[in-house]
Protein chains: 6
Amino acid sequence: MLIREIETFLEEDWGWTEGLIESLSGVRTKAVILVNEKGVVAGVEEAKAIFEYLGVDVRVLKEDGSDVAKGDVVIELEGDSAGILKGERVALNILGRMSGIATTTKKCVDMLASSKIKVSCTRKTTPGFRKFEKKAVRIGGGYPHRFSLSDAVLIKDNHLKLMNIEDAVNIAKRVAGPMMKVEVEVESCEECLRAVNAGADVIMFDNMNIEEIRRCIDMLKQKGLRGKVLLEASGNLTPENIRQYAELDLDFVSVGYIIHSSGFLDFSLEIIR
Amino acid sequence: MLIREIETFLEEDWGWTEGLIESLSGVRTKAVILVNEKGVVAGVEEAKAIFEYLGVDVRVLKEDGSDVAKGDVVIELEGDSAGILKGERVALNILGRMSGIATTTKKCVDMLASSKIKVSCTRKTTPGFRKFEKKAVRIGGGYPHRFSLSDAVLIKDNHLKLMNIEDAVNIAKRVAGPMMKVEVEVESCEECLRAVNAGADVIMFDNMNIEEIRRCIDMLKQKGLRGKVLLEASGNLTPENIRQYAELDLDFVSVGYIIHSSGFLDFSLEIIR
Amino acid sequence: MLIREIETFLEEDWGWTEGLIESLSGVRTKAVILVNEKGVVAGVEEAKAIFEYLGVDVRVLKEDGSDVAKGDVVIELEGDSAGILKGERVALNILGRMSGIATTTKKCVDMLASSKIKVSCTRKTTPGFRKFEKKAVRIGGGYPHRFSLSDAVLIKDNHLKLMNIEDAVNIAKRVAGPMMKVEVEVESCEECLRAVNAGADVIMFDNMNIEEIRRCIDMLKQKGLRGKVLLEASGNLTPENIRQYAELDLDFVSVGYIIHSSGFLDFSLEIIR
Amino acid sequence: MLIREIETFLEEDWGWTEGLIESLSGVRTKAVILVNEKGVVAGVEEAKAIFEYLGVDVRVLKEDGSDVAKGDVVIELEGDSAGILKGERVALNILGRMSGIATTTKKCVDMLASSKIKVSCTRKTTPGFRKFEKKAVRIGGGYPHRFSLSDAVLIKDNHLKLMNIEDAVNIAKRVAGPMMKVEVEVESCEECLRAVNAGADVIMFDNMNIEEIRRCIDMLKQKGLRGKVLLEASGNLTPENIRQYAELDLDFVSVGYIIHSSGFLDFSLEIIR
Amino acid sequence: MLIREIETFLEEDWGWTEGLIESLSGVRTKAVILVNEKGVVAGVEEAKAIFEYLGVDVRVLKEDGSDVAKGDVVIELEGDSAGILKGERVALNILGRMSGIATTTKKCVDMLASSKIKVSCTRKTTPGFRKFEKKAVRIGGGYPHRFSLSDAVLIKDNHLKLMNIEDAVNIAKRVAGPMMKVEVEVESCEECLRAVNAGADVIMFDNMNIEEIRRCIDMLKQKGLRGKVLLEASGNLTPENIRQYAELDLDFVSVGYIIHSSGFLDFSLEIIR
Amino acid sequence: MLIREIETFLEEDWGWTEGLIESLSGVRTKAVILVNEKGVVAGVEEAKAIFEYLGVDVRVLKEDGSDVAKGDVVIELEGDSAGILKGERVALNILGRMSGIATTTKKCVDMLASSKIKVSCTRKTTPGFRKFEKKAVRIGGGYPHRFSLSDAVLIKDNHLKLMNIEDAVNIAKRVAGPMMKVEVEVESCEECLRAVNAGADVIMFDNMNIEEIRRCIDMLKQKGLRGKVLLEASGNLTPENIRQYAELDLDFVSVGYIIHSSGFLDFSLEIIR
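Keep in mind that what you see is a predicted model, and the values were worked out from it rather than measured.

Let's talk about the overall build of chain A
In step 1: Helix and strand counts for chain A stand at ten helices and twelve strands.
In step 2: For chain A, the spread of C-alpha atoms along the three principal axes comes to 75 × 35 × 25 Å.
In step 3: Residues counted as buried form 62% of the 273 residues belonging to chain A.
In step 4: Partitioning the intrachain contacts of chain A with sequence separation of at least 6 by distance along the chain shows that 72% fall at a separation of at least 24.
In step 5: Per element, the accessible surface of chain A, about 9600 Å² overall, is 45% carbon and sulfur.
In step 6: The distance from the centre of the 37 positive side-chain charges to the centre of the 43 negative ones in chain A is 4 Å.

Structure representation (structure tokens):
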């Protein structure tokens, strides 16, 4: 975590003065950060960096990725009371947001544990905070998919309203070059076949039901094409409905839910003097 | 919305090149932004600013704060295909996040509609995006409470481990001066009385149950002190449990949930040529 | 003081190279910062942060808020000559500007010492440096008033050209919510009464003379409304004319002068080897 | 004025929401910016850029550098009321600060009008706002002297505690190269002579009295060295004492006072509907 | 090109004042940008954005990627003389640097035109300007390879000093997930085989001579592994020695030279009134 | 080197995650930075700052400005493997770019060693990296000339299409004031004489051949004007053709080539465990 990121977040939370807190400085204080519900913890590295920036000593008891239970102490702090209080809210917000995402991700990963299917997120993230949200997915056992438009080429339905699949894949491969993959969103077996034949590296079954996806995969197998592409399913997956995908021969699923619908995991900071 | 905010969000989403999208430029295109579920829309002003920055014409059909139903068109766009596709993800993410918050806020507000109790949020927000989250609360009919440590002085339990209520209020009033309010978190009627006597402007009943709160308010009334302070209840309120507060003589409640546990409202952008 | 603030100020003062100073590095040097005239010192915390960023050891002899006399040593420095010389101008400028403001503030505060009237500043500040100027007012014993448009709602004469007092207060209270105050600028007893009746928390007597203000206050007392509002006087107050307000039953005065017309207090840095 | 500068200043003044002002938008409004005291106006270009950024039409009646009298209209505005009110405080602060400096500068320039002596400022400026303060000096008829450490090499008393004049000038000339000047602060005729002989381009008489300076200049003339250097006097010059320098054969004086001790010139914005 | 990038570059070139140029404003002026040597032009889009930011009308005669000859007019400008002169140096520097790179890239691409081997660059770029340098490579017909450490996983010799090939590929594939490729730098046929068997997507022959590379490729073919990986050669390729690679069955070569050793293509701006 | 500069460069090189490198952390590692060809080293101070920011211990064996031979170890590193690998590319890029420039500069300086003519660079630099490129010139024994438009006034051919020499020098001297120099680009002896008579401090012979320049200098000498100005030659100088200028009575030459046509000096980082 860069100093400029820490400062941006602290500045947002402090405003132009730290008000009352300044009046509380000068007392050597001990405090703990507790988690108030079961989950997977993420954001510990960030919380640590924030308190260290503020001159507070930090002892991490639960590393990023640890399973935690209600009441677990995640971090112990010792330092000037003002330092602890000035970092409190930002550190808890990062822990809460990142751990919430890691916890949901882990739930999805666990639902697919019987298969080899990986769980990834999407670009549906909070503007300005994507880096931390994608990292939380990774901590929860998932994969980040594309970070930005520059990481891989994904041909989506809106693009296919502007050109056909074959042209799109051709252009995309020219844009992508040898180091990036080209993926195509398809909505039918016919589109799937055209995309594979055009040279796509990855196929995304977009909002197709389990049966349709199975039919497509079977078709690819019959034509000996299954080994030429990676297969992804996408579209309104949730921890509740994800298990049914486990039986399909997919490489991964993408689940916007794990970022866009995760609440904060509940943490609190307690001064114990 | 400042240009620098727009650029920060676009830069995060684009990476160093806009990849395939550049190859799709040059086509005059029409598109719509649809909402895929019922809710309260927020972030329209921001979405408009983003597309205008990209040279796309924008027609707003649903202003911030409008109730929307599944399938409603919120915004119509017309311009170069590249401009539309380059703004798509960021605009949808802002709309999704802000509308999700506005929708939850509205639910809570409606639950208390029979009373005069206002709904406010807390500082439990996504780092770097607080400004937009607080604005969404306002659009949903709620209040922002403190934006940062500099807006008002809030004496919390952790502060009261470092000094007693009377000293804390005294110092806080010196810090606050005539233009800012001083609020004290209390956990009992005794603390409540001490805080009011010390001169607090606002009392927050922190994680106290309905009965305890009622007792405190009755006590204040008996002593003729109710009119001297504003009263707030806080602590794990949700759209599910909030209605029970309606019968209390409170001025407002703060509900961290409306920001920290709201998912995105579901929007999509469709090119209609 | 955040590292980014320190760097912004140093970068402005250094340009692209530190020129001659680099050639002077490598000599272990002692230096003192002296004040060359009587006043109240402010900016010491900032000066300390700057020299520490540059690797120079700092010993503070006069904390922020101290009364100083000509010739007093405020700070002792020890470190590489280049570090001391590279921080010199920025540190002195911050000390000069902030101490100048603290000194003028203190003068005004002293003039009103016989009363309970507080002294506050306004938003008439140097663009980009407000945070430090408002802090200097506080160090001098004054109050910051609103930092920005977001801190409190102040209904000014220009707003009242666009709507009437009652509507303005109504809207303002909706904007302000429970945690912010609403203040109205008035120019007559009639406006004052209307604003109080509409529910204003604070009344500002704007450019009214002593007699008029006294009449308004008497009126409020007769009507039993004095206790319902805070009262502020504003408009061309200076250290020269401020004493006459002491006899009024005001809560505070705002004095743009303490920021917009304070010169720098004179400091210098002397190398003593 | 770059967009990022405008945004930085507006952001400081607005905070996270523009509060009441948003509620006042939608009314086509005319307004004027008036000056309330005699002076030289500066900052008009900046005020214009700010209002144009906010979509307000601007008509400049008094260009930068104009002499103005109390009551003069400097700028006429027309546009949405919110745009005008959102730019008001920042525009007035820039006009006030810059015009205050231009006015004081002009006073000093006028005092030396009988001579060929130029007036310059120093690096004693408000951190972060130097660019605008130096520009104001220029608008008032003065010169900016060094902007930063990188613009010219100035050998000061503190440097001369670390090495002797001859070595310092030698090193300085190596640092400066052919495109920058080397100046030496001297406190006696002997130091002045040594500096000139060492090759200084400019001599600064630092805190020397009129008689001493005159003696130095006479000495230089006798030795035929006057034509080889530019001569500057510095040290506590003010509009009150500057006239006495007019009789000396100096090239310029530097007057920190014009920046560090100028108050704001008084402007106001009036909505005239 | 974002406004903040334009402003950063202009600010660097202007310093705190635009000096003489301001005195030259007010004259409606025509100018042309000429190229003074044969090459491939790049940076036109950026130059256009800069002048448009400055209010100058721009007519592009040679789009990015065009072959140009000495004396060709690339851009015609019309607007205020100050706008043209203020953008001149930055626009020419971007054109010069980007076109220099595009020209060298094109040379390398032409050398391999008889083969299907693509030309890519590396991360050996000028800090802060990589985005534009990589774009210039693309304009010249090359490929950007990894932009940053986040785009693909490249296992280099230094990594292989810390762990063996098999472990490294295993970890890398876990880091990379389904959307990113894993590449391994190898220095022998044995390493190549191990990397392919471990599951690498791309093999980089690092500083191996033509004969060794050929042997490796033959080995892969014999084992039926050629179709499973992409093959890249790297290490001190230049426009002079690159042609010899054309005969190899490679997918691409990476040529740090095209960025780190390209000079500026020579452009000039001429006012023609 | 400021922390913000380090962070900007690292952020560009890392993207949003440090990928594989994170998996390599935790191993105490030694490494060296080697130079792979003869030259003058520059950028060592910057490389040191980068690794220290990353918590790596740095021992500098070759200071900035040292002559180095192929195989020389410039810097020794010791610390966590992740810290070393995360700083590697940025540090090498800075060393490569700056040392390439310093090496070319030194070549030019050596070519003129028999004369007193100094070598300077121009504003033909990589946007955003000028500060480091100009510093490299200084390390190589050259001079930076103007950093930006604000450092000195240079009247160029394009300006002289808008006004005549005499007017331009007059205005320029007013802009420049006593602390800045005024230089005029001339293309003939007649222009040279006019510029000197108008009061220019420096004359630049722009793209004039050796014979013409000699004639101009002779003319100035005959008229007794040589001592009144500094003389500079400019226009397509290279290490190959620069020696011929040694015989002229010039003060300096400016050589855009040393920045715009220098390749990177070749460095590598090797882990030695």
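Picking up where we left off.
Concerning the interface of chain C and chain D
In step 1: Taken together, the contact between chain C and chain D spans 56 residues of the former and 56 residues of the latter.
In step 2: Note on chain C versus chain D: buried area summed over both sides is about 5000 Å², and carbon and sulfur give 61% of it.
In step 3: Run the count over chain C and chain D and you get four salt bridges.
In step 4: Asp 13 of chain D serves as the salt-bridge partner of Arg 123 of chain C, at 2.6 Å between the closest nitrogen and oxygen.
In step 5: The tally of links from chain C across to chain D stands at 34 residue pairs in polar contact (both at pLDDT 80 or more).

Quick word on the relation of the copies chain C and chain A
In step 1: Superposition record for chain C on chain A: RMSD 0.0 Å, screw rotation 120 degrees, translation along axis 0.0 Å. Such a combination of rotation and displacement between the chain copies is what one expects of a three-fold axis. Judged by C-alpha distance, Arg 4 of chain C is the residue of chain C that lies nearest the rotation axis, at 4.3 Å.
In step 2: The fraction of interface residues of chain C whose copies in chain A are also interface residues is only 18%, indicating that the copies meet through different surfaces.

Some thoughts on the relation of the copies chain C and chain D
In step 1: If you rotate chain C by 180 degrees and push it 0.0 Å along the axis, it lands on chain D with an RMSD of 0.0 Å. Expressed as a symmetry operation, the mapping of one chain copy onto the other fits a two-fold axis. Every residue of chain C has its C-alpha some distance from the rotation axis, and the shortest such distance is that of Gly 128 of chain C, at 3.2 Å.
In step 2: Both copies share a contact surface, since 100% of the interface residues of chain C are interface residues in chain D too.

Points about the pairing of strand β5 (residues 73–80) of chain B
Residues and elements named next belong to chain B.
In step 1: Here seven bridges tie strand β1 (residues 28–35) to β5, and the two strands are oriented antiparallel to one another. If you follow Val 32 over to β5, its bridge partner there is Glu 76.
In step 2: Bridge count for strand β3 (residues 57–60) against β5 is four bridges, and the pairing is antiparallel. Each residue of the ladder has a partner; that of Val 60, found in β5, is Ile 75.

Overview of the interface of chain C and chain A
In step 1: With eleven residues of chain C in contact, the opposing surface of chain A contributes nine residues.
In step 2: For the chain C face of the interface with chain A, the top three residues by lost area are Leu 2, Ile 3 and Arg 4 of chain C, together amounting to 56%.
In step 3: In this structure, the connection of chain C to chain A is made through two salt bridges.
In step 4: For Arg 4 of chain C, the salt bridge identified is with Glu 11 of chain A, shortest N-O distance 3.3 Å.
In step 5: Scanning the region where chain C abuts chain A turns up five residue pairs in polar contact (both at pLDDT 80 or more).
In step 6: Among the secondary structure elements, those contributing two or more residues to the side of chain C that touches chain A are α1 (3–14) and α5 (130–139) of chain C.
In step 7: For the side of chain C that touches chain A, the element with the most residues is α5 of chain C, which contributes four residues.
In step 8: Taken together, the residues of the side of chain C that touches chain A sort by class into four nonpolar, no polar and seven charged.

Quick word on the environment of Ile 217 of chain F
All names here are of chain F.
In step 1: For Ile 217, the location among the structural elements is in helix α9 (residues 210–222).
In step 2: The class of Ile 217 is buried, set by a relative accessible area of 3%.
In step 3: Every residue in contact with Ile 217, bar those within four places of it in the chain, is listed here: Phe 205, Arg 226, Leu 231, Leu 248, Asp 249 and Leu 250.

Topic: the nonpolar core
In step 1: Counting 188 residues, the largest nonpolar core has Phe 205, Leu 250 and Val 253 of chain C together with Phe 205, Leu 250 and Val 253 of chain D as its most contacted members.
In step 2: In this view, Leu 250 of chain D contacts Ile 117, Phe 205, Ile 213, Ile 217, Arg 226, Leu 231, Glu 232, Ala 233 and Tyr 245 of chain D; residues no more than four positions away in its chain are not counted.
In step 3: Ranked by size, the runner-up nonpolar core spans 186 residues in total, among them Ile 6, Val 90 and Val 137 of chain E together with Val 255 of chain F.

Things to note about the pattern of salt bridges
In step 1: According to the stated counting rule, one finds 135 salt bridges over all chains in the structure shown.
In step 2: Among the salt bridges present, the one from Glu 185 of chain C reaches Lys 156 of chain C, with a minimum N-O distance of 4.0 Å. Remark: Lys 156 of chain C occurs in the loop between β7 (153–155) and α6 (157–160) and Glu 185 of chain C occurs in strand β8 (residues 182–186); sequence separation between them is 29 residues.
In step 3: Note that Arg 214 of chain C and Glu 211 of chain C form a salt bridge whose closest N and O atoms lie 3.2 Å from each other. You can see Arg 214 of chain C and its partner Glu 211 of chain C sitting in helix α9 (residues 210–222), three residues apart, about one turn around the helix.
In step 4: Via salt bridges that share partners, Lys 221, Arg 226, Asp 249 and Asp 251 of chain A belong to a single interconnected network.

Here we look at the packing of helix α1 (residues 3–14) of chain A against helix α3 (residues 44–53) of chain A
Residues and elements named next belong to chain A.
In step 1: Direction vectors running N to C along α1 and α3 enclose 80 degrees, while the axes themselves pass 10 Å from each other. One way to sum up the angle between α1 and α3 is to call them roughly perpendicular. Counting all contacts with α1, which are made through Ile 3, Ile 6, Glu 7 and Leu 10, the residues of α3 involved are Ala 49, Ile 50 and Tyr 53.
In step 2: Within the contact of α1 with α3, the residues separate by chemical class into six nonpolar, no polar and one charged.

Some remarks on the packing of helix α1 (residues 3–14) of chain D against helix α1 (residues 3–14) of chain E
In step 1: Relative to each other, α1 of chain D and α1 of chain E sit at 110 degrees, their axes nearing to 9 Å. Taken together, α1 of chain D and α1 of chain E sit at an angle that is classed as roughly perpendicular. Residue-level inspection shows Ile 3, Arg 4 and Glu 5 of chain D of α1 of chain D in contact with α1 of chain E, the latter providing Ile 3, Arg 4, Glu 7, Thr 8 and Glu 11 of chain E.
In step 2: Of the residues in the contact of α1 of chain D with α1 of chain E, the class split is two nonpolar, one polar and five charged.

Re the domain arrangement of chain A
All names here are of chain A.
In step 1: Considered domain by domain, chain A is made up of domain 1 (3–103 + 262–271) and domain 2 (110–260).
In step 2: Computed over C-alpha atoms only, the centres of domain 1 and domain 2 are separated by 36 Å.
In step 3: Roughly 1200 Å² of surface becomes buried between domain 1 and domain 2 when both sides are summed, with 61% attributable to carbon and sulfur atoms.
In step 4: The largest per-residue losses of area from domain 1 upon contact with domain 2 belong to Arg 97, Met 98 and Ile 101, which jointly make up 40% of the total buried on that side.
In step 5: Where domain 1 meets domain 2, there are four salt bridges.
In step 6: With a shortest N-O distance of 2.8 Å, Glu 46 and Lys 135 are connected by a salt bridge.
In step 7: Counting every contact that joins domain 1 to domain 2 gives seven residue pairs in polar contact (both at pLDDT 80 or more).
In step 8: At the level of elements, α1, α3 and α4 (81–111) are the ones that each hand at least two residues to the side of domain 1 that touches domain 2.
In step 9: Counting residues per element, the side of domain 1 that touches domain 2 draws most heavily on α4, at five residues.
In step 10: A breakdown of the residues in the side of domain 1 that touches domain 2 according to their chemical character gives seven nonpolar, two polar and five charged.

Considering the arrangement of the chains
In step 1: In this assembly chain A lies apart from chain D, the nearest approach of their C-alpha atoms being 9 Å.
In step 2: Considering only C-alpha positions, the minimal separation of the non-contacting chain C and chain E is 9 Å.

Thoughts on the sheet that holds strand β5 (residues 73–80) of chain C
Residues and elements named next belong to chain C.
In step 1: Taken in spatial order, the four strands make up an open sheet running β3-β5-β1-β12, and their pairing is antiparallel. The sheet is open, and its two edges are formed by β3 (57–60) and β12 (267–271), each paired on a single side. The sheet shows a mean angle of 20 degrees between the axes of neighbouring strands, taken without regard to direction.
In step 2: Packing of helix α3 (residues 44–53) onto the sheet brings it into contact with β1 (28–35), β3, β5 and β12, and relative to β3 it is tilted by some 165 degrees.

Looking at the sheet that holds strand β12 (residues 267–271) of chain B
All names here are of chain B.
In step 1: The strand order across the open sheet formed by four strands is β3-β5-β1-β12, and the pairing between neighbours is antiparallel. In this open sheet, the two strands that pair with only one neighbour each are β3 and β12. Averaged over all pairs of adjacent strands, the angle between their axes in this sheet comes to 20 degrees, without regard to strand direction.
In step 2: Its contacts with the sheet put helix α3 (residues 44–53) on β1, β3, β5 and β12, and the angle it makes with β3 is roughly 165 degrees.
In step 3: Sheet contacts for helix α4 (residues 81–111): β1, β5 and β12; angle to β12, the most-contacted strand, approximately 160 degrees.

What about the packing of aromatic side chains?
In step 1: Applying the stated criterion to the full structure yields 24 aromatic pairs over all chains.
In step 2: These aromatic residues form a ring-pair network of at least three members: Phe 9, Phe 129 and Phe 132 of chain A.
In step 3: A cation sits over an aromatic face here: Lys 86 of chain B above Trp 14 of chain B, 5.0 Å from the ring centre.
In step 4: Looking at Arg 130 of chain D, its charged tip hangs above the ring of Phe 147 of chain D, at a distance of 5.7 Å from the centre.

Cut-off values and rules
- Residues numbered from 1 in each chain as written.
- Chains lettered and ligands numbered in written order.
- Predicted model: local features only at pLDDT ≥ 70, side-chain atom pairs only at ≥ 80, totals over all residues.
- Heavy atoms only, no water.
- Helix = DSSP H or I, 4+ residues; strand = E, 2+ residues; numbered from the N terminus.
- Buried < 20%, exposed > 50% of the residue type's maximum accessible area, 1.4 Å probe, protein only.
- Contact = heavy atoms within 4.5 Å.
- Areas by Shrake-Rupley, 256 points an atom, 1.4 Å probe, with all protein chains shown as cover.
- Lys, Arg positive; Asp, Glu negative; His and termini not counted.
- Charge placed at Lys NZ, Arg CZ, Asp CG, Glu CD.
- Buried area = accessible area lost by both parts, 1.4 Å probe.
- Salt bridge = Lys/Arg side-chain N within 4 Å of Asp/Glu carboxyl O.
- Polar contact = N/O pair within 3.5 Å; in protein donor to acceptor, adjacent residues only side chain to side chain.
- Least-squares fit on C-alpha atoms with pLDDT ≥ 70 in both.
- Pairing = 2+ DSSP bridges.
- Nonpolar A, V, L, I, M, F, W, Y, C, P; charged D, E, K, R; others polar.
- Core = buried A, V, L, I, M, F, W, Y, C linked by side-chain atoms within 4.5 Å.
- Axes fitted to C-alpha atoms, helices over the stretch in contact; angles between N-to-C directions.
- Parallel < 35°, antiparallel > 145°, perpendicular 65-115°, else oblique.
- Domains from an automatic or database assignment.
- Phe/Tyr/Trp six-rings, centres within 6.5 Å; stacked < 30°, edge-to-face > 60°.
- Lys NZ or Arg CZ within 6 Å of the ring centre and 35° of its normal.

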